Amino acid sequence: MSSENLPQSPERRESPEQQRRKPRVAVVFGGRSSEHGISVVTAGAVMKAIDRTKYDVLPIGITADGRWALTADEPERMAITDRKVPDVDLLTGAAEGSVVLSVDPGSREVVYTEPGAVPKALGEVDVVFPVLHGPYGEDGTLQGLLELSGVPYVGAGVLASAVGQDKEYMKRVFISYGLPVGPYEVVRPREWDNDPAAARKRIVDFAGEHGWPLFIKPARGGSSMGITKVDGLEGLDAAIEEARRHDPKFLVESLLRGREIECGVLEFEDGPRASVPAEIPPVTAHDFYDFEAKYIDSATGLVPAPLTEEQTAEVQRLAVAAFDAVSCEGLVRADFFLTEDGTFVINEINTLPGFTPISMYPRMWQESGVSYPELVDRLIQAALTRSTGLR
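So, a few notes on the structure that sits alongside this text. (Residues numbered from 1 in each chain as written. Predicted model: local features only at pLDDT ≥ 70, side-chain atom pairs only at ≥ 80, totals over all residues. Heavy atoms only, no water.)

Across the sheet, 4 strands lie side by side as β8-β11-β9-β10; this open sheet has antiparallel pairing. Here the strands that pair on one side only, and so sit at the sheet edges, are β8 (184-187) and β10 (228-230). On average, each strand axis in the sheet is inclined to that of its neighbour by 25°, with strand direction left out of account. In this structure, β8 lies alongside strand β11 (residues 250-254), joined through 4 bridges in antiparallel fashion. (Pairing = 2+ DSSP bridges. Helix = DSSP H or I, 4+ residues; strand = E, 2+ residues; numbered from the N terminus. Axes fitted to C-alpha atoms, helices over the stretch in contact; angles between N-to-C directions.)

With that out of the way, let us pick up the pairing of strand β16 (residues 344-350). Burial runs high along β16: 7 of the 7 residues are buried. Relative to β16, strand β15 (residues 331-339) runs antiparallel, the two being bridged by 6 bridges. Bridge pairing links R333 to N350 in β16. (Buried < 20%, exposed > 50% of the residue type's maximum accessible area, 1.4 Å probe, protein only.)

Membership of the largest hydrophobic core comes to 32 residues, with the highest contact counts inside it found for V27, F29, I50, F129, F355 and V376. In contact with V376, not counting residues within four places along its chain, are V46, A49, I50, F129 and F355. V163, V332, L338 and I346 belong to the second largest nonpolar core, which has 26 residues in total. (Core = buried A, V, L, I, M, F, W, Y, C linked by side-chain atoms within 4.5 Å. Contact = heavy atoms within 4.5 Å.)

Turning next to the environment of E35. The topology assignment puts E35 in the loop between β1 (24-30) and α2 (36-49). What makes E35 buried here is its relative accessible area of 4%. Separated by 186 residues in sequence, E35 and G221 place their C-alpha atoms 8.3 Å apart.

It is worth spelling out helix α5 (residues 158-165) at this point. Within α5 the residues assigned to the buried category are A160, S161, V163, G164 and Q165. On its buried side, α5 packs onto α4 (141-149), α6 (167-176) and β16.

Spatial ordering of the open sheet is given by β3-β2-β1-β7, a layout of 4 strands whose pairing is mixed. Of all the strands in the sheet, the pair left with one neighbour each is β3 (68-70) and β7 (127-130). Sheet twist, expressed as the average angle between the axes of neighbouring strands with direction ignored, equals 30°. Packing against the sheet, helix α13 (residues 372-384) makes contact with β1 and β7, and its axis sits at approximately 135° to β7.

Position of Y153 among the secondary structure elements: in the loop between α4 and α5. Along the backbone, Y153 and T385 are 232 residues apart, and their C-alpha atoms lie at a distance of 10.0 Å. Apart from residues no more than four positions distant in its own chain, Y153 is found in contact with V127, V128, P130, Q143, L146, E147, V158, A383, R386 and R391. One polar contact links Y153 to R391, side chain to side chain, over a distance of 3.4 Å. (Polar contact = N/O pair within 3.5 Å; in protein donor to acceptor, adjacent residues only side chain to side chain.)

Set out below in structure tokens:
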């Protein structure tokens, strides 16, 4: 079938009012996952960076129970304070209203409703900048809603978002494309629920083959939450319980001895390009680069990473290859281990990497010549020019 016969998104004609006004960017953040607070922090940083002379901003927070709420445009209230992450409920106060996005692709109208009040139209949204992390947002669910609504959005589409969130299938895709992946095992919910002894034996056998320590992690989590480094049998059950608190499906990975290297990918007009890489040095106050190290104690990486020219070129090549393998769009952060034998092994990609002031993705692009505001603007402009639907 030729591309001319493929179904297209409905054409939308802009009214004179739409042609006169600035594009309206809805920043959607918070959400139902355990990464709710980090999403709020990321949203605050993005909102600060958006050029208000070019765009109108509509902040939409999703509460932990899933309500879409209109929040104040006050990014300064969305930072980590006294080692505590913010949440959407604090930003909405006592307001009980909800925001509804039309699923009619002929309209991008956003409506605000309060109990006992007449719904109020807030105008149309031109593009959504989703900064939701984890399930119910980064995993293709929000992207599917926006596709139904015909609203362009920043970042990967439905399939790439889903694959990028599920570490099992992410690794399967990487392997199919010949990308280097470390040893791992997957334990699905039914396996653990029906026969935990058999699942546990499989993990112990894996440790017998690859050695301790192991990392037990949620299969569809992020921000290093729910991950435990296990040095032996005595800590295994507690680690599994912690991972399953975030996701009933979990991964078991062997320790790869080497250096942690990250690389950003950004889509330009001529295709994806890789940033200078960064290195996450050993975190002496923590057992590994976990949530506390990343966000609370603000452990920082080395940008650019002290690599040879050949190593830099290789990790950049692999980062772009991972971006293409998963059919990503917009942006990706790719995480690697540079093992002791000099081989790069890809650990995972993140289709909506953190945009907090200390996050590695914007720092890598800053060092590559793309400032934080320019990075945000480039992502918005790319989304505005990209249609929804099959592409």
